[in-house]
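# Inside the fold
Residues per chain, in single letters:
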Amino acid sequence: MRKRANYLCEYCHSPERISTTRFTVDHLIPKSIGGSDELSNLALACRRCNERRYNFVAGYDYYEKFQDYC
Ligand SMILES: [Zn+2]
């Protein structure tokens, strides 16, 4: 999974090794709405992109400050 993505965030393409946090595996289709755990539904995402995306999916106000990142 991480190898397929070349250890790069699949959204902003920043390398994991310069990130202060480990990248997370993001579901393209959230599991909460029936997404699978198959590779085709997974993407490696840095923390900022993952939180930004989470904001998009879940609409949490807390994450709005990450909107302009990446
Ligand atoms: Zn990113």
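Residues numbered from 1 in each chain as written. Predicted model: local features only at pLDDT ≥ 70, side-chain atom pairs only at ≥ 80, totals over all residues.

### Quick word on the overall build of the chain
In terms of regular secondary structure, the chain is built from one helix and two strands. For the chain, the α and β elements follow one another from N to C terminus as β-β-α. The buried share of the chain, reckoned over its 70 residues, is 17%. Contacts spanning at least 24 positions in sequence make up 39% of the contacts within the chain whose residues lie at least 6 apart. (Helix = DSSP H or I, 4+ residues; strand = E, 2+ residues; numbered from the N terminus. Buried ≥ 20, exposed ≤ 12 C-beta atoms within 10 Å, placed from the backbone. Contact = placed C-beta atoms within 7 Å.)

### Observations regarding the nonpolar core
Within the largest apolar cluster, seven residues are counted, these being Cys-9, Phe-23, Ala-43, Leu-44, Ala-45, Cys-46 and Cys-49. In terms of residue count, the dominant contributor to this core is strand β2 (residues 42-45) (three residues). Among residues more than four places away in sequence, those in contact with Cys-9 are Ser-14, Phe-23, Leu-44, Ala-45, Cys-46 and Cys-49. (Core = buried A, V, L, I, M, F, W, Y, C linked by C-beta atoms within 7 Å.)

### Quick notes on unusual backbone geometry
Backbone geometry places His-13, a non-glycine residue, at a positive phi of 60 degrees. For His-13, the location among the structural elements is in the segment before β1 (24-27). Its 12 C-beta neighbours within 10 Å are what place His-13 among the exposed residues.

### Digging into the confidence of the model for the chain
Model confidence for the chain is summarised by a mean pLDDT of 77, while 71% of its residues fall at 70 or above. At the low end of the mean pLDDT range in the chain sits helix α1 (residues 47-58), at 70; at the high end sits β2, at 90. A low-confidence stretch, residues 59-66 stays under pLDDT 50, and its non-local contacts, those more than four residues away or across chains, total eleven contacts. (pLDDT = per-residue confidence, 0-100.)

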